[in-house]
Amino acid sequence: MNMETQLEIEQADVQAPSDQMRDQTTTPKSTEAQPKQTRKKAVLRPKAVHTYDTIVVGAGISGIAAAYKMKQVGYQDYLVLEKADRVGGTWRDNNYPGCGCDVPSALYSFSFAPSHQWSHLFAKQPEILSYLEQVVEQFELQDKIRFQHELHSAKWNDEMNIWQLETSQGAYQARTVIFSTGPITEPSLPKIKGIEGFKGEMFHSARWKHDYDLTGKRVAVIGTGASAIQFIPQIQPLAKELIVFQRTAPWVLPKADMQLNATVKSLVAKFPMIQQGWRNSVSSILNGINFGLRHPSLLEPVNFLSRQLLKLQIQDDSLRKAVTPNFSIGCKRLLFANNYYPALQQDNVTLLPQGLVEIDGQSVIAANGERFEVDVIIWGTGFEVAHPPIGQRVWNAQGERLADLWKDSSPEAYLGTSLENVPNAFLVLGPNILVYDSFIGIAEAQIQYIVDGLLKMKQQGFKRMMVKRDVLRYHNAKVQTHLKTTVFNRGGCSSYYLDQNGRNFAAWPWSLAELKQRLSVLELKHYDVVEA
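Here's a quick rundown of the structure. Per chain, residue numbering runs from 1 following the sequence as it is written. With the structure being a predicted model, the display of local features is reserved for residues of pLDDT at least 70 and the display and counting of side-chain atom pairs for 80 or more, all residues being used for whole-chain, interface and lining totals. No hydrogens and no water enter the side-chain calculation; it runs on all heavy atoms of the structure.

Some remarks on unusual backbone geometry
Note the cut-off: Comment: elements are numbered from the N terminus, with helices defined as DSSP H or I runs of at least four residues and strands as E runs of at least two. Three labels apply to residues, based on accessible area from a 1.4 Å probe with only protein chains included: buried if under 20% of the type maximum, exposed if over 50%, partly exposed otherwise in between.
Within the chain, Asn-161 stands out as a residue other than glycine whose phi angle is a positive 55°. Following the sequence through the fold, Asn-161 ends up in the loop between strand S6 (151-157) and strand S7 (162-167). With a relative accessible area of 10%, Asn-161 lands in the buried category. Positive phi values are uncommon outside glycine, yet Leu-415 reaches one of about 55°. Along the chain, the position of Leu-415 falls in the loop between helix H11 (402-406) and strand S20 (425-427).

Dropping the structure here:
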């Protein structure tokens, strides 16, 4: 067991020096026997680490939702460990220019904490981060959060039926653990020949160097995904020359955004039903999109109209051809922006419909052999999602590190939450739970499921629960079967939804309503339970 030690003071009968012995410089040493005196002796005694009912790892969207839900139901003996010095998760770490949400603010907020302060229909990163911090303060969750506590390892002790966690601030123990570190935490960098020898500046969009001035610089942007389409329009006016490497053209649709003035905000604050109606409307629209993603034939008219729209958005034939996707809309993540295509058409921008294959000194070399001298490389290459980084730090009941088990394939989970041979632990926003909706809504649904399980453990007094292997196998076989007919698998693209074996590890193949229904209650029949 992990133990911490304390210095206890014990009384012991030992020979204590007399005053004469303490001051031998002034008094001759006495030959008489000195009386025995009692003094204190330091003895190291072990003190057990407190075993929490639950420890939550991560104070982003999911961790905040978990803390709120547990407090709401009176579940008190829990702690949230956060590696940084503030909450926010991905909205803390991603602060590149133009960073914002592509789900309307009314839906991209906690159901228990609606806000009337949004400045736009689609919120920007600074106000989303501020909102998350306000939620923590409003519901007095900060006392449960331990900042600057980075998880180093989490290992299951099968003999004691507890999780033992090592952090940057010491050891912790818990009967159950909720891993809420999220799917987009660790930036992904491609393995490019010569990358170590680049002579200029280089950084990933998720680690933006705000102290580096891009004014007058020759800039290479690698990637045209969700982050890149947001920061490219922001840096284009600053750069002397902007080279955009596009391996695959994404679908970028108009963003129905608008500023919300003081009058609108006051109306929303005065009449909460406005925001609830707005929230319901957005949810209905997204449900319609999800239906189309599950039935690709219904997307054909959308494909046609989107291609026609490109003719209005981009005048140059060669550029339009370069940015026209060669796969069905929805196969890759849908992107929304109003300023991306205008930025690409500026005189200082060159779009290369090629991947970056080599770096030579200060030159970047495209797959077609074109070379460009640049001062800075900005990686817009996304995140490591097929192999969740939390797997590097978690060991299962058999003493196996999850990352080692996942190295040749992507992970599997039951309802994106429970992993094989990982007892008393839950994963939030795990495998095959992605629906085109608010991540906050999905996280809340999972937390409902998890907390229901925690309460049953506590009320019924059992010490261990783990998803049954046959339940896990059957669920994932069914998921993969139903994904075969979705646009994610049939749309003709290679997306981050698919792992190196072509297996879809990300998407949920059914409706959001069904997902929430399945997550409404944790059914113990799906788990092996060991009573205390």
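What to know about the sheet that holds strand S17 (residues 371-373)
Rule in force here: Two strands pair under a simple rule: DSSP has to find at least two bridges between them. An axis is simply a line fitted to the C-alpha atoms; with a helix, the fit covers only the stretch in contact. Between two such axes, the angle follows the N-to-C directions and lies from 0 to 180 degrees.
The 3 strands lie next to each other as S15-S16-S17, forming an open sheet whose pairing is antiparallel. Both edges of this open sheet fall to strand S15 (356-360) and S17, since each of them pairs with a single strand only. Within this sheet the neighbouring strands show an average axis-to-axis angle of 25°, counted without direction. Strand direction decides the pairing type here: S15 and strand S16 (residues 363-366), joined by 4 bridges, are antiparallel.

Some thoughts on the layout of surface pockets
Where we set the bar: Here a cavity denotes grid points, spaced 1 Å and computed from the protein atoms alone, that fit a 1.4 Å probe unable to get out, and a pocket denotes an open set having protein on both sides within 12 Å along at least 5 of 7 lines; residues with an atom within 4 Å of a point are the lining. Grid points are joined across faces, edges and corners, and a volume is the space filled by probe spheres set on the points.
Counted as a void, the second largest pocket has a volume near 430 Å³. Around the second largest pocket, the lining comprises 23 residues; the ones closest to its centre are Ile-285, Leu-286, Ile-289, Phe-336 and Tyr-436. Top element by residues in the lining of the second largest pocket is helix H7 (residues 272-294). It accounts for 7 residues.

Notes on the pattern of salt bridges
The condition is simple: The term salt bridge refers to a pairing of a side-chain nitrogen on Lys or Arg with a carboxyl oxygen on Asp or Glu at a separation within 4 Å.
A complete count under the given rule lists 20 salt bridges for this structure. Two residues, Arg-218 and Asp-375, come together in a salt bridge whose shortest N-O distance is 2.9 Å. In this pair, Arg-218 sits in strand S10 (residues 218-222) while Asp-375 sits in the loop between S17 and strand S18 (376-379), placing the two residues 157 residues apart along the sequence. Through salt bridges with shared partners, a single network forms among Glu-412, Glu-420, Arg-469, Arg-473 and Arg-503.

Here's the deal with the environment of Leu-129
Structurally, Leu-129 can be placed in helix H4 (residues 125-138). Put simply, Leu-129 and Ala-67 are 62 residues apart on the chain and 17 Å apart in space, counted from C-alpha to C-alpha.

Comments concerning empty space enclosed by the protein
The full count for this structure, using the stated rule, is 5 cavities of 30 Å³ or more. Of the pockets and cavities examined, the largest cavity occupies roughly 40 Å³. The wall of the largest cavity is formed by Ser-115, His-116, Trp-118, Leu-260, Val-264, Lys-265, Val-268, Gln-275 and Trp-278. Where the lining of the largest cavity is concerned, the elements lending two or more residues are helix H6 (262-270) and H7.

What to know about the sheet that holds S10
Defined as follows: Should any heavy atoms of two residues lie within 4.5 Å, those residues are counted as being in contact.
Pairing is parallel in the open sheet, where 5 strands are placed in the order S9-S18-S10-S11-S14. Looking at which strands have only one partner, the edges of the open sheet turn out to be strand S9 (201-204) and strand S14 (349-352). Across the sheet, the axes of successive neighbouring strands diverge by a mean angle of 15°, strand direction being ignored. Bridge count between S10 and S18: 4 bridges; the pairing is parallel. Each bridged residue has a counterpart across the sheet, and for Ile-222 the counterpart in S18 is Trp-379. Across the face of the sheet, helix H5 (residues 228-235) comes into contact with S10, strand S11 (241-245) and S18 while running at roughly 170° to S10.

Description of the packing of aromatic side chains
Heads up, the rule is: Put simply, two rings from Phe, Tyr or Trp (the six-membered ring, in Trp's case) pair if the centres are within 6.5 Å, and we call them stacked under 30 degrees between planes, edge-to-face over 60, tilted for the rest. Should the NZ of a Lys or the CZ of an Arg lie within 6 Å of a ring centre and within 35 degrees of the ring normal, that charge is described as sitting over the ring.
Taken as a whole, this structure holds 17 aromatic pairs when the rule is applied. Each ring, one from Phe-488 and one from Tyr-497, has its centre 5.0 Å from the other, and the planes form 85°; the classification is edge-to-face. Comparing Phe-488 with Tyr-497 shows no difference in burial state: the two are buried. Taken together, Tyr-68, Phe-110, Phe-112, Trp-118, Tyr-131 and Phe-139 form an aromatic cluster joined through their ring pairs. The ring of Tyr-78 is capped by Lys-144, whose NZ or CZ atom sits 4.8 Å from the centre of that ring.

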